[in-house]
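Chains, contacts and geometry: an overview
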Amino acid sequence: MISLNQKTINKPIKLKGVGLHNGIIADLVIKPADENFGIKFCRVDIDKNDLISADFKNVIEPILCTKISNKNGIFVSTVEHLMAAFFGEGIDNALVEIDSSEVPILDGSASEFVDAIRSVGLKEQKELRKFIKVLQKVEVKEGSKYISIEPLDNDLIVDFEIVYSNPLIRTRRKEFKLSDGDLTNIYNSRTFCLYEDIDFIKSQGLAKGGSLENAIVVKGNEILNDDGLRNRHEFVYHKILDCLGDLMLSGYRIFGHVKTSQGGHALTNKLLLKLFSEKSNWSLESANSVEKNNQIKESLKKSFSASI
């Protein structure tokens, strides 16, 4: 069941690790925050103008990661796995302090963030949540790539297809449904790349901190990591993880049905920009109205069952 009240963490969490792309060791502290604060990042290595809101409108250069910037050009990158952990664990308000420009990649998944959050527990706050309700279908197409979102009552579904010519990854499609509740395999799924792409990625000044400790590397039919895959759908589950983290940049949890093929950070961001560009596409629902709708649906189900 979806919680109706806002939540934050009980006490600060400290994590340390290398940035996947900048290769710099960063200290990260997640702190509790007041109601209606939202999720904000603070660059403590910078003296002023250091606060960055986790907002889809602040996304810049979404290439191989999600980077957000404030109006002063202060940025932090690779926020998607932490944002996905906030999404799945039900955190609405938190201040993330970091002394570098990139969130640590840790093991390449969201599992360490989730474990740290669960170790301190959550604090339920008095303010009610709000939810974004999709009112009409919105779609973005780029050649063979596409992403769409359409109305769905009181739930989120992400239907994700990946298409690779690599014989091991191939074409795979899986669906995540928020009401099912179990995100374990999604949390544990790591970022991945093709061996033949590594030199090009590094030539772009990226993946300076990448290794087999924080990414799956696929070479032909072989996985170069000694431990192999954590689950048979790890490739597509990781894409769903990224998508959930990027959707969390809407500022609220979204109710809708997302369908995408060959999607990624840039395409998800374009979908959010298009969705919120027209007020007729969405509405902001109070938690009370969500609960009322659920009660009505349950009542109708019982009435229907009794009449059979």
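Look up: the structure comes first, before these words.
An account of the accompanying structure is given in this report. (Residues numbered from 1 in each chain as written. Predicted model: local features only at pLDDT ≥ 70, side-chain atom pairs only at ≥ 80, totals over all residues. Heavy atoms only, no water.)

**Here we look at the layout of surface pockets**
Rule in force here: Cavities and pockets are found on a 1 Å grid laid over the protein atoms alone: a cavity is a set of points where a 1.4 Å probe fits but cannot escape, a pocket is an open set with protein on both sides within 12 Å along at least five of seven lines, and a lining residue has an atom within 4 Å of such a point. Grid points are joined across faces, edges and corners, and a volume is the space filled by probe spheres set on the points. Note on conventions: DSSP H or I runs of at least 4 residues are helices, E runs of at least 2 residues are strands, and numbering of each starts at the N terminus.
As a volume, the largest pocket reaches approximately 1100 Å³. Together, 44 residues line the largest pocket, and L64, Y164, F192, I201 and K239 are the ones closest to its centre. Broken down by secondary-structure element, the contributors of at least two residues to the lining of the largest pocket are α1 (80-89), β14 (156-163), β16 (192-194), α4 (198-203), α5 (234-247) and α6 (265-275).

**Considering the sheet that holds strand β8 (residues 75-77)**
Heads up, the condition is: Here, a strand pair is defined by DSSP locating no fewer than two bridges between the strands.
Pairing is antiparallel in the open sheet, where 3 strands are placed in the order β6-β7-β8. Whereas interior strands pair on both sides, the edge strands pair on one side only; in this sheet they are β6 (59-60) and β8. As paired strands, β6 and strand β7 (residues 67-69) are joined by 2 bridges and run antiparallel to one another. Within β7, the position partnered with I60 by the bridge is K67.

**A look at α1**
Three- or four-residue spacings in an α-helix give side chains the same orientation, since the helix completes a turn every 3.6 residues. Our working rule: Only protein chains enter the accessibility calculation, which uses a 1.4 Å probe; a residue is then buried when its area is under 20% of its type maximum, exposed when over 50%, and partly exposed in between.
The buried fraction of α1 is high, at 9 of 10 residues. Of the residues making up α1, those classed as buried are E80, H81, L82, M83, A84, A85, F86, F87 and E89. Positive backbone phi, at 80°, marks G90, one or two positions downstream of α1.

**Structural notes on the packing of α5 against α6**
The cut-off we apply is this: Note on method: axes are straight lines fitted to C-alpha atoms, helices fitted across the in-contact stretch only, with angles between N-to-C directions ranging 0 to 180 degrees. Helix crossings are classified by the rotation of the near helix relative to the far one: an anticlockwise turn of less than a right angle makes the crossing left-handed, while a clockwise turn makes it right-handed. In what follows, residue pairs with any heavy atoms lying within 4.5 Å of each other are defined as contacts. Any residue outside Ala, Val, Leu, Ile, Met, Phe, Trp, Tyr, Cys, Pro, Asp, Glu, Lys and Arg is labelled polar, Gly included; the first ten of those are nonpolar and the last four are charged.
For the pair α5 and α6, interaxial distance at closest approach is 10 Å and the crossing angle is 35°. Both α5 and α6 take part in a crossing whose hand is right-handed. For the pair formed by α5 and α6, the contact residues are D242, C243, D246 and L247 on the first element and H265, T268 and L272 on the second. Looking at the contact of α5 with α6 residue by residue, the class counts come to 3 nonpolar, 2 polar and 2 charged.

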